[in-house]
Amino acid sequence: MNAHDSEKVIGTLVGQGYSQVATPEEAELVFYNTCSIRDKAEQKVFHRLQQFKKDHQGKTFAVLGCVAQQEGEKIFEKAPHVSLVCGSASYNQLPQLLVQLEAGNRRVTGLSLDTEETFETPFARRDNPHRAYLTIIEGCDKSCAYCVVPFTRGPERSRTSASVIAESAELSRAGYTEIQLLGQNVNSYRDPSPAGWDFATLLDNVGRVPGIRRVRFTTSHPRDFRKEIIDAIDRNPVLCNHVHLPVQSGSTRVLKAMQRLYTREEYMHRIAWMKAAERPIAITTDIIVGFPGETLDDLDATLGLLDEVGYDSIFSFKYSRRPNTPALALDDQIPEEEKTRRLAVVQEHQRAIQIQRNAAYVDTVEECLVEGFNKATGQWIGRTSQHKTLNFLRPASDADLTGQYLDVRVTRAGPNSLAGEAVN
Ligand code: 5AD
Ligand code: SF4
């Protein structure tokens, strides 16, 4: 989501007559997009800003994103060389803010969360020529006890279905074949126009845009995840058979403390829809260990859930205390070393599951979108519909295959990727 925000901001600047350069050294104006989801990411920002000051005397600096929104004008105190601070809910005001900056104002802010608008720009500068990100909903109306996002990205705003479909068609005309729909919670997408589409209807229709061969979406919230999404995937092979459904914990008690609004059983009910689908759906998730009050039994419940679901991969994190969040006030914070230990336990447990799951792909043929070539190994890098990395050889060809769709026979499997040989 942040990467795509940067693509849109760059596009907006280019639309205003600025030009993009490859390195901060060449720039007069340096924009720094930031993340505050965990403390480590936030600390990095202030460290980097100090470094910028030393290395880039005399330049104009702007701080964007969640740290900008969270810290606001305090950034000017901590880093006086910064001249513009702007959160994501105010990006559509960037052209006006730039005018103030060019006029010599050294304390320019865009920090209002009070907006009904989404950040739409015809100028997004996409990095990847084949796969395009496309935002359908911004902000989040949930209030998970650990999460800073509702405070930094503001309330939910959905784009109209007409504008999403128009951008998808535009992307197809520009040669993109894969679209990744983005939102903090795509499942609560609600078309603000009279058509009133829900997420499953939108997904279905993006999957029918001529020329688009793959559609993905992230992120889903289990509470709002509907069976219609699986039905749509079953109907249309363009919709990738991969669902990222963050669970956070396998313990209903912890889920309640996290204010996740579902029980383990309700989550497993959604997993059962996926397992009953006609095409095998890859399932991935996010896990937080060491939430305040998490016991060893709770951790065991999470390990049991990993087995029960059989995830294709997971992102796992140590709980990090965030400003403004309800969990900040909870007693029984877990010591850092214990969080580190629990994280390692989860990751090791999952690694064994992945080895087993990936082994089942040996001897199957998977269609891959070719992402590039790895000179060191002499292999092409492919991505399956299930979002698995499949590195492969194609001996008789030295043409650039990037962006093509090829069938690849899987010959080997590891915990994090597959390897094989092209069959066409
Ligand atoms: N501490 C640790 N992990 C967090 N996440 C969100 N907030 C926190 C936090 N305070 C994780 C969740 C979420 C993912 C994007 O980041 O697992 O799904
Ligand atoms: Fe954060 Fe929860 Fe919203 Fe996800 S659903 S962005 S974890 S508050």
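In this text, all values refer to a predicted model and were calculated from it rather than measured experimentally.

Draft legend 1. Quick peek at unusual backbone geometry. A cis geometry characterises the amide bond from threonine 218 onward to threonine 219, with omega recorded as 0°. For glutamine 248, which is not glycine, the phi torsion reads 75° and is therefore positive. Looking at the element boundaries, glutamine 248 is found in the loop between strand S10 (242-244) and helix H10 (252-257). Even without glycine at this site, aspartate 363 takes up a positive phi of about 80°. Residue position: aspartate 363 is located in the loop between helix H13 (336-359) and strand S13 (365-374). The class for aspartate 363 is exposed, based on a relative accessible area of 57%.

Draft legend 2. Structural context of the pattern of salt bridges. By the definition in use, this model includes 29 salt bridges. With its nearest N and O atoms 3.5 Å apart, the salt bridge here joins arginine 226 to glutamate 228. Of the residues examined, arginine 226 reaches a relative accessible area of 46% and is grouped as partly exposed. Sharing partners across several salt bridges, the network here consists of Glu120, Arg126, Arg159 and Glu167.

Draft legend 3. The site of ligand 2, seen in detail. The immediate surroundings of ligand 2 are formed by Cys140, Lys142, Cys144, Tyr146, Cys147, Val149, Pro150, Gln184, His221 and Arg260. A breakdown of the residues in the shell around ligand 2 according to their chemical character gives 6 nonpolar, 2 polar and 2 charged.

Draft legend 4. The arrangement of the side chain of threonine 118 in detail. Here threonine 118 shows up in the loop between strand S4 (108-110) and strand S5 (131-135). Looking at threonine 118, the relative accessible area reads 13%, which means it is buried. Separated by 3.2 Å, the side chains of threonine 118 and glutamate 120 make a polar contact. Those residues within four positions of threonine 118 in sequence are excluded, and the remaining contacts are Asn92, Glu138, Arg157, Ser158 and Arg159.

Draft legend 5. Broad picture of the environment of leucine 134. By the secondary structure assignment, leucine 134 is in strand S5. The residues touching leucine 134, leaving out its near neighbours within four places in the chain, are His4, Arg126, Arg159, Val164, Glu167, Ser168, Leu171, Ile179, Gln180, Leu181 and Leu182.

Each value, and the rule that gives it
Residues numbered from 1 in each chain as written. Chains lettered and ligands numbered in written order. Predicted model: local features only at pLDDT ≥ 70, side-chain atom pairs only at ≥ 80, totals over all residues. Heavy atoms only, no water. Helix = DSSP H or I, 4+ residues; strand = E, 2+ residues; numbered from the N terminus. Buried < 20%, exposed > 50% of the residue type's maximum accessible area, 1.4 Å probe, protein only. Salt bridge = Lys/Arg side-chain N within 4 Å of Asp/Glu carboxyl O. Near = heavy atom within 4 Å. Nonpolar A, V, L, I, M, F, W, Y, C, P; charged D, E, K, R; others polar. Polar contact = N/O pair within 3.5 Å; in protein donor to acceptor, adjacent residues only side chain to side chain. Contact = heavy atoms within 4.5 Å.

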